[in-house]
Amino acid sequence: MPSEKLEKSSNFVLKKLNIMEQNNSQAELVRESEDNSEHERSWRDVKLTEWISVSVLCYVNLINYMDRFTVAGVLENIQTDLKVNNDKGGLLQTAFIVFYMAFGPLFGYLGDRYSRRWLMAFGVALWSLTTLCGSFMTNYWWFLLFRAMVGIGEASYSTIAPTILSDLFVGNIRSKMLALFYFAIPVGSGLGYIVGAETAKLFGSWHWALRVTPGLGLLAVFVIIVFLQEPERGASEGSGHMEASSWIQDVNEIIKCKSFMLSTAGFTCVAFVAGALAWWGPKFIEKGVALQGNGDGDDTIAFRFGIVAMISGLVGVPAGSMLAQHLRPRIRRIDAYICGIGLLASCPFIFLAIFAAKFSTTLCFTMVFFGELFLNLTWSIVADILLYVIMPIRRSTAEGFQLLLSHALGDAGSPYLVGVLSEAFLIMLNGDSDSTATTTELTNSTVTTISPSASEAAVNEFKSLQYALFTTCFVEILGSLFFLLNALYIVEDKERVERAIHAENTQPHHTELTDPLAADQNTQNL
C-alpha cells in the first residue's frame, strides 16, 4: 500500500534524523569541552563574593578539624584524669566517628533538597555547644556521650561544603579551590594538637583545651548565615534546572558508579591510617622518648607532632592537586595513579617512623613528615573525583555515602582497633615477661614471685602500641590497590556524566533528572 510505504519512509527519515541529532550532540559536546579548556577561569576571574564564600568554607573546615584533634593533643591527660586504658581512650574517637558517619547520609539527603547554608549553620552550632558541654564533664561515659554528639554537627558540614564549591566552580579552578579547602584539614589537625596541648599546659587542665573551638564555632555560624553565597545546584556546569530524583534512585546510581566505589574504598584506607596515626601518634612517640632516656620533655611531643602534621599538609595537599592539574591533559587517568602511588609511597615511611620511635625522635618525626606528605596527596583529588563522576543533583548524597563508608570502615574503627590490639599485645608481652622474670624460691614452704620491673613494663607498653600501629602499613597497601584499580573506570564514568549533563542542557523544557547510565546505554544502542 502507498500509505504503508510512506509511513516506512517517514520512519526511516526520522531515524536518520535522530542519529544525526545524536551525532551533532556528541560533536557539540566535544566542541564545548574544547571551548571550556580554551577559556578556563583563572584566579583573577574569581568574583569577590565567591572568594568570600570560599574563605568562609575554609575557615569552618579549619576549626572543624581543630576541634576534632584537640582531644588527641591531650589524650594522655584525659586518660589519666578519667582513669581509662587505651581501649576506652580509642573509643572516644570511635564514638565520635560512628555518630559522624551515621548522620552523614541524612545530611547528604537534606543537602540535595533543602538550604545548605542553614543546614551547615545548624551543624556548626550543634558541635560547638556539645564540645563546650563536654569540657565540663568529669565522668568518662558522659564525656563519651558529648564527644559522640559532636559528630552529628560535623557530619552536616562535611557532606555539604564540597558541593557548594562544585556549584561555584568547574574545571581546574574547582580543583584549585578544593585543594584550598582540604588544605585546611592537615593545618586544622596540626593546630588541634598545638592548641590542645598548649592550652592545657597554660591553664593546668585538659578541660580548657576543649573551650577554644566553641567560641570560634559560634563565630563561624554568624559568617555562614551572613556571608556565605549558596549557588543553585549544578549552576557552574549549566545544569541548574535539574530536579532531584528519589533517594532510592540516587543511591542506586551512586552504587553503580565503579570509579566512585573504588575511590571510596581507597579513601577508606586513607581514613583508617590517618585516624590511627592522628589519635595514637603523639602518645606512641612520647613512650618512645621515655625509653630513650635522653631528657626530652614529654610535654613537647604533641606540639611537635602538630607542627609536622601541619607542614606535611601545607606541602602535600596542594602538591597533589597541582600535580593532577598539570598531568591531566597528557594522562587522563592521572588522578587515580597519584592517589595509588602516593599511598604506596607513604607505606615505608610510616613503617620506619613506627620502628624508629624508640631510637631517634628526630628520625621518627622525619619519617612521619614524609609518610603524611604522601598520604595528603590524596585528599583534594578524591573529592574532585567524586564531583566529576557524580551528577550535580546527587553530590551531597554521594558525599554522605562516601562519608558513611570511609568512616565506618576507616577512622571510626582504627583508633579503637589499635587500642584493643595494644591491650591484647600488652597482655601477651607481660605474660612472656612473667615467665622469664619470675623466680620461685621455696623456703619453709613459702613461694616468692618477682614481677617484671618498671622498665620492662614501660618497654612492653611501647611494644604493644608499636605492634598495633604496624597494621596501618598493610591497610595502605590495600588502599593503593583500590586506587590503581579505579584507573580502569574513571575516564569512562567522567565522560558519562558529561554526556548526561549535556543532554539536560539541550532539553530546556525537560526538568526530570537524566540517568547518566541509561543515557549512555541509549547512545550506544543508536
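Residues numbered from 1 in each chain as written. Predicted model: local features only at pLDDT ≥ 70, side-chain atom pairs only at ≥ 80, totals over all residues. Heavy atoms only, no water.

An unreviewed UniProt entry lists the protein chain under the name Major facilitator superfamily (MFS) profile domain-containing protein, with Dendroctonus ponderosae as the source organism. Its UniProt record gives the protein chain the following Sequence similarities (unreviewed entry) comment, quoted word for word: "Belongs to the major facilitator superfamily. Spinster (TC 2.A.1.49) family." Quoted straight from UniProt, the Subcellular location (unreviewed entry) entry for the protein chain says "Membrane". (UniProt positions renumbered as here; feature names shortened; annotations may be inferred.)

1. Some words on the overall build of the protein chain
Each helix and strand counted, the protein chain has 20 helices and 2 strands in total. Across the 526 residues that make up the protein chain, the buried fraction comes to 52%. Taking all contacts inside the protein chain whose residues are at least 6 apart in sequence as the whole, residues at least 24 apart take part in 86%. Surface accessibility of the protein chain: about 22800 Å² in total, with carbon and sulfur atoms responsible for 64%. (Helix = DSSP H or I, 4+ residues; strand = E, 2+ residues; numbered from the N terminus. Buried < 20%, exposed > 50% of the residue type's maximum accessible area, 1.4 Å probe, protein only. Contact = heavy atoms within 4.5 Å. Areas by Shrake-Rupley, 256 points an atom, 1.4 Å probe, with all protein chains shown as cover.)

2. A word on unusual backbone geometry
Excluding glycine, a negative phi dihedral is what most residues carry, and trans is how most peptide bonds are arranged. Look at Lys83: it is not a glycine, yet its phi comes out positive at around 60°. In this structure, Lys83 sits in the loop between α3 (75–82) and α4 (86–111).

3. A closer look at the confidence of the model for the protein chain
Per-residue confidence for the protein chain gives a mean pLDDT of 77, with 79% of residues at or over 70. Predicted confidence for residues 435–451 stays below pLDDT 50, and this span has 15 contacts to residues more than four positions away or in other chains. Below pLDDT 50 for its whole length, residues 509–514 participates in 17 contacts with residues either more than four positions away or in separate chains. (pLDDT = per-residue confidence, 0-100.)

4. Describing helix α8 (residues 213–227)
For α8, with 15 residues, the first-to-last C-alpha span of 20 Å sits near the 21 Å given by 1.5 Å per residue. Of all the positions in α8, only Thr213, Pro214, Gly217, Ala220, Val221, Val223 and Ile224 are classed as buried. On its buried face, α8 sits against α2 (48–73) and α5 (116–134). (Expected span 1.5 Å × (residues − 1).)

5. Some thoughts on the pattern of salt bridges
On inspection of all chains with the given rule, the structure shows 9 salt bridges. For Lys256, the salt bridge goes to Glu253, with nearest N and O atoms at 3.9 Å. Of the two residues, Lys256 and Glu253 are both situated in helix α9 (residues 247–256); the distance of 3 residues between them amounts to about one turn of the helix. When the shortest N-O distance is used, the salt bridge between Asp335 and Arg328 registers 3.0 Å. Judged on exposure class, the residue Asp335 and its partner Arg328 are both buried. (Salt bridge = Lys/Arg side-chain N within 4 Å of Asp/Glu carboxyl O.)

6. Concerning the packing of α5 against helix α6 (residues 140–168)
One can describe the packing of α5 onto α6 by two numbers: an axis separation of 8 Å at closest approach and a directional angle of 155°. The angle between α5 and α6 falls in the class roughly antiparallel. Note on packing geometry: the crossing formed by α5 with α6 is left-handed. Residues belonging to the contact of α5 with α6 are distributed by class as follows: 15 nonpolar, 7 polar and 4 charged. (Axes fitted to C-alpha atoms, helices over the stretch in contact; angles between N-to-C directions. Parallel < 35°, antiparallel > 145°, perpendicular 65-115°, else oblique. Left-handed = near helix turned anticlockwise from the far one by under 90°. Nonpolar A, V, L, I, M, F, W, Y, C, P; charged D, E, K, R; others polar.)

7. A word on the environment of Lys463
The residue Lys463 is located in helix α17 (residues 454–469) in this model. What makes Lys463 partly exposed here is its relative accessible area of 28%. Note: C-alpha distance between Lys463 and Phe425 (38 residues apart in sequence) is 8.0 Å.

8. Structural notes on the nonpolar core
Judged by nonpolar contacts, the single largest core of 123 residues is most densely connected at Leu57, Met120 and Phe260. What Met120 contacts, discounting residues up to four positions off in sequence, is Leu57, Ser156, Tyr157, Ile160, Ala161, Ile164, Ile224 and Leu228. (Core = buried A, V, L, I, M, F, W, Y, C linked by side-chain atoms within 4.5 Å.)

9. Structural notes on the packing of aromatic side chains
Within the structure shown, the criterion is met by 13 aromatic pairs. Ring centres 6.4 Å apart and planes at 20° place the aromatic pair Phe99 and Phe103 in the stacked group. A residue pair is termed a helical-turn pair when its members lie 3 or 4 positions apart in one helix, as Phe99 and Phe103 do in helix α4 at 4 residues. In this structure Phe99 comes out as partly exposed when scored by relative accessible area, which is 31%. By relative accessible area, which is 27% here, Phe103 ends up partly exposed. On the basis of an interplanar angle of 85° and a centroid distance of 5.8 Å, the ring pair of Phe425 and Tyr467 is categorised as edge-to-face. Taken together, the residues Phe425 in helix α16 (residues 414–437) and Tyr467 in helix α17 connect sequence positions 42 residues apart. (Phe/Tyr/Trp six-rings, centres within 6.5 Å; stacked < 30°, edge-to-face > 60°.)

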